[in-house]
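Read off the chains here:
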Amino acid sequence: MIALVLVVIGLWARSGLGEFWVNPDEGIYYSIVTNPNFSEAWDEILGNAHPPLFYLLLRGMGSVSMDIAWLRLPSLVAGLLAIWGVFLIGRRFGGELAGLLAAFAMVWMPELVLQSQVMRPYVMQGCMLIYALWFLLRYLDHRRSRDLLLYTLLISLAALTHYSSFIALGGIGIALCCQALRRQLARTQVFALAAVHLAPFCIGLALYYFHLEPHVIGGNVQVEAQGEAGWLSPYFVSSLGDVWQGLFGVMGLLFGHALAGPAGLLFFAALIGIAFAKPLQSSDLLLPLALGVLACALLFSFMRQYAFGASRHSLYLAPFIVLVLATALGRMLRSGSVPALVTTALVLFLMPLGSPLTSLLGVEERPVNPEQLTLSEDMDLLDSRVLEPMRAERQVMMMNLQSFYVLLPSLAGAQVERQWGREFFAVPWGESSLLVNMAWGMTSGSTGLDKSNHLLNFVSRIDERFPELKIRQQRDAWMFSAGWITPLADGLIRIDTEQPQGQKLIADEGRLRFAGVKVFRWNLESYVRVVESILKPAGK
């Protein structure tokens, strides 16, 4: 009954699916859902770094409704089911109290709550991993073939949802090998487990040869994420110091940076407590499972293949860490021994000292990109004040790709037909022309002119592809800047401030700001002249 109450509380904590507008990454999914051409949508799916299952699920849901809250529903449902699943596993490992502690942690975990409210695959993948583990444990306990089949189905679906599932699968394999070496598995179980794991193995091979190798490896998506200057670079491990920061970074992701120190120390103590507990009883699989998953996570991070630390990409580690903490605490509290009471008191003492303790341990606080930047009510205002009036006017509207993804739900009311050019596309918007640079972020200053993400380069390519727009002579253009931090808007504003009065690029009455979105009207002709004059060699 208490566990069900926790699920209801979890629903309350995750309410408000329609309060926030989409973030740029959600816009990618929305683009796939709303693209009327399935062939183009499939190309978009293959061009992204995740397996296809979640995209296809959303596209199927889009045939019923394209409402944002409806498309976020799988994440919400998966988040609630994950609470119940962790309770079941925690109860199996450490009794009723351990299950409740694990479920309570999953109810309030900040990143889990956030990811349960957005159109992303992380929570659905985690839910599948949790129930796959539950059915695996049931099979080990009762040797029923149906439990083994359900485990195989769920672990395979998790692998088709997100690639980090293969890291978790490696940890499960390590734990099962430990069981086999300690002769805790019958020979028939060993053969059966080896046979069913051929399914995710074959799925992994198929994904590699049909998705990763031809569409992702060596492409822009991988370079931007995993390259030396990629946005995942801070979360790769190359030294013992990185391991330390990564472990406490994961704790900060799950419990908040202030509690990263106490949670990390408690996790180490819990591992030691489980390792030396006598008798091991049903917890004997938990230790190699948690350590196996962490070892595989560190290995993939060391190979610069997957992030490890204070990044949403580490969310799949949540159930394994929570189960270790809950099992150790549950067993200590249930024992009623003096060491258990002292340890519990120490934990309660450390929690208020979380932030100073975290700093004392040398844990760096990494900036976290907000997942939801724009309130839905602000987007309604943007629609009525800017986008809709532009449909009846002849305007030029420019933006980068992430801004397009943020605005896409507003644009999808019309038929969004993309007219492709080299490294950009155009979208007719009533009488206006919406021009989108395919770079995730754009620059506008005096350097990097040869790059496709430079605004002047963008203007030149538009002029070549659509000469009828006479883009270089536009004295009245609109720029949209939305999504994660981008230097484009700030760069244009900086250039504008350097111009003398009477020669400003941006009209004062054209500056509009909404939550997470900047819109301004500017003189494109003057911008081209100013930047070209900066680039022009002195004396010529």
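Going by the structure above, here's the rest.
Keep in mind it's a predicted model, so treat the numbers as computed, not measured.

A few words on unusual backbone geometry. Of note in this structure, Arg183 is not a glycine but carries a positive phi near 60°. In this structure, Arg183 sits in the loop between helix H10 (165-181) and helix H11 (187-196). Owing to a relative accessible area of 75%, Arg183 belongs among the exposed residues under this scheme. Of note, Arg304 is a non-glycine position whose phi angle comes to about 60°, a positive value.

All right, on to the packing of aromatic side chains then. On inspection of all chains with the given rule, the structure shows 17 aromatic pairs. Taking the centre distance of 5.7 Å and the plane angle of 80° together, the rings of Tyr29 and Phe54 count as edge-to-face. Here Phe54 lies in helix H4 (residues 53-62) and Tyr29 lies in helix H2 (residues 24-34), a separation of 25 residues in the sequence. What makes Tyr29 buried here is its relative accessible area of 4%. Taking 6.0 Å as the distance between ring centres and 70° as the angle between the ring planes, the aromatic pair formed by Phe424 and Phe458 counts as edge-to-face. Within this pair, whereas Phe424 is found in strand S3 (residues 424-429), its partner Phe458 is found in helix H22 (residues 455-465), the two being separated by 34 residues in sequence. The structure contains a cluster of three or more aromatic residues connected by ring pairs, namely Trp244, Phe248, Phe267 and Phe268. Lying over the aromatic face of Trp429, Arg391 brings its terminal NZ or CZ to 4.5 Å of the ring centre.

Under the counting rule described, the total for this entry stands at four cavities of 30 Å³ or more. In this model, the largest cavity occupies a volume close to 80 Å³. The wall of the largest cavity is formed by 13 residues, among which Leu112, Tyr122, Gly126, Leu315 and Pro319 lie closest to the centre. A per-element tally of the lining of the largest cavity places helix H8 (residues 122-142) first, with six residues. Of the residues in the lining of the largest cavity, the class split is eleven nonpolar, two polar and no charged.

Examined against the element boundaries, Ile321 turns out to sit in helix H17 (residues 318-335). Taking relative accessible area as the criterion, Ile321 reaches 3% and is therefore assigned buried. A sequence separation of 51 residues divides Ile321 from Ala270, and the C-alpha atoms of the two residues are 9.8 Å apart. Excluding anything up to four places from it in sequence, Ile321 contacts Val250, Met251, Leu254 and Phe267.

Turning next to the environment of Trp21. Note that Trp21 resides in the loop between helix H1 (2-13) and H2. Given a relative accessible area of 12%, Trp21 falls into the buried group.

Where nonpolar side chains cluster on the molecular surface, the patch consists of Leu198, Phe201, Leu205, Tyr208, Tyr209, Phe210 and Ile217 and spans about 770 Å² of accessible area. Overall, the relative accessible area of 54% leaves Tyr209 in the exposed class.

The subject of this paragraph is the side chain of Gln395. Structurally, the position occupied by Gln395 is in the loop between helix H20 (376-391) and strand S1 (396-400). At a separation of 2.8 Å, a polar atom in the side chain of Gln395 contacts the side chain of Glu393. Ignoring sequence-local partners within four residues, the contact set of Gln395 consists of Met390, Glu431, Ser432, Ser433, Asp476 and Trp478.

On to the pairing of strand S5 (residues 477-482). Of all six residues in S5, six are buried, a share of seventy percent or more. The alternating pattern of S5 places Ala477, Met479 and Ser481 on one face and Trp478, Phe480 and Ala482 on the opposite face, and all of these are buried. Direction of pairing for S1 relative to S5: parallel, over a ladder of three bridges. By the bridge assignment for S5, Val396 is matched with Ala477.

Counted at 1.5 Å a residue, the expected span for H10 with its 17 residues is 24 Å, and the 24 Å between its end C-alpha atoms agrees. All of the buried residues in H10 are Ser165, Ile167, Ala168, Leu169, Gly171, Ile172, Ala175, Leu176 and Gln179. A positive phi of about 60° marks Arg183, the residue just after H10.

The next thing to look at is the packing of H2 against helix H21 (residues 401-411). Following both chains from N to C, one finds H2 and H21 inclined at 60°, their axes separated by 8 Å at the closest point. When the axes of H2 and H21 are compared, the pair comes out oblique. Two packed elements cross with a definite hand, and for H2 against H21 that hand is left-handed. In this structure, H2 contributes Pro24, Gly27, Ile28, Tyr30, Ser31 and Thr34 to the contact, and H21 contributes Gln402, Tyr405, Val406, Leu408 and Pro409.

Conventions and cut-offs
Residues numbered from 1 in each chain as written. Predicted model: local features only at pLDDT ≥ 70, side-chain atom pairs only at ≥ 80, totals over all residues. Heavy atoms only, no water. Helix = DSSP H or I, 4+ residues; strand = E, 2+ residues; numbered from the N terminus. Buried < 20%, exposed > 50% of the residue type's maximum accessible area, 1.4 Å probe, protein only. Phe/Tyr/Trp six-rings, centres within 6.5 Å; stacked < 30°, edge-to-face > 60°. Lys NZ or Arg CZ within 6 Å of the ring centre and 35° of its normal. 1 Å grid on protein atoms, 1.4 Å probe; cavity = no way out; pocket = protein on both sides within 12 Å on 5 of 7 lines; lining within 4 Å. Points joined across faces, edges and corners; volume = space filled by probe spheres on them. Nonpolar A, V, L, I, M, F, W, Y, C, P; charged D, E, K, R; others polar. Contact = heavy atoms within 4.5 Å. Patch = residues over 30% accessible without salt bridge, like charges linked within 9 Å, V, L, I, M, F, W, Y side chains within 5 Å. Areas by Shrake-Rupley, 256 points an atom, 1.4 Å probe, with all protein chains shown as cover. Salt bridge = Lys/Arg side-chain N within 4 Å of Asp/Glu carboxyl O. Polar contact = N/O pair within 3.5 Å; in protein donor to acceptor, adjacent residues only side chain to side chain. Pairing = 2+ DSSP bridges. Expected span 1.5 Å × (residues − 1). Axes fitted to C-alpha atoms, helices over the stretch in contact; angles between N-to-C directions. Parallel < 35°, antiparallel > 145°, perpendicular 65-115°, else oblique. Left-handed = near helix turned anticlockwise from the far one by under 90°.

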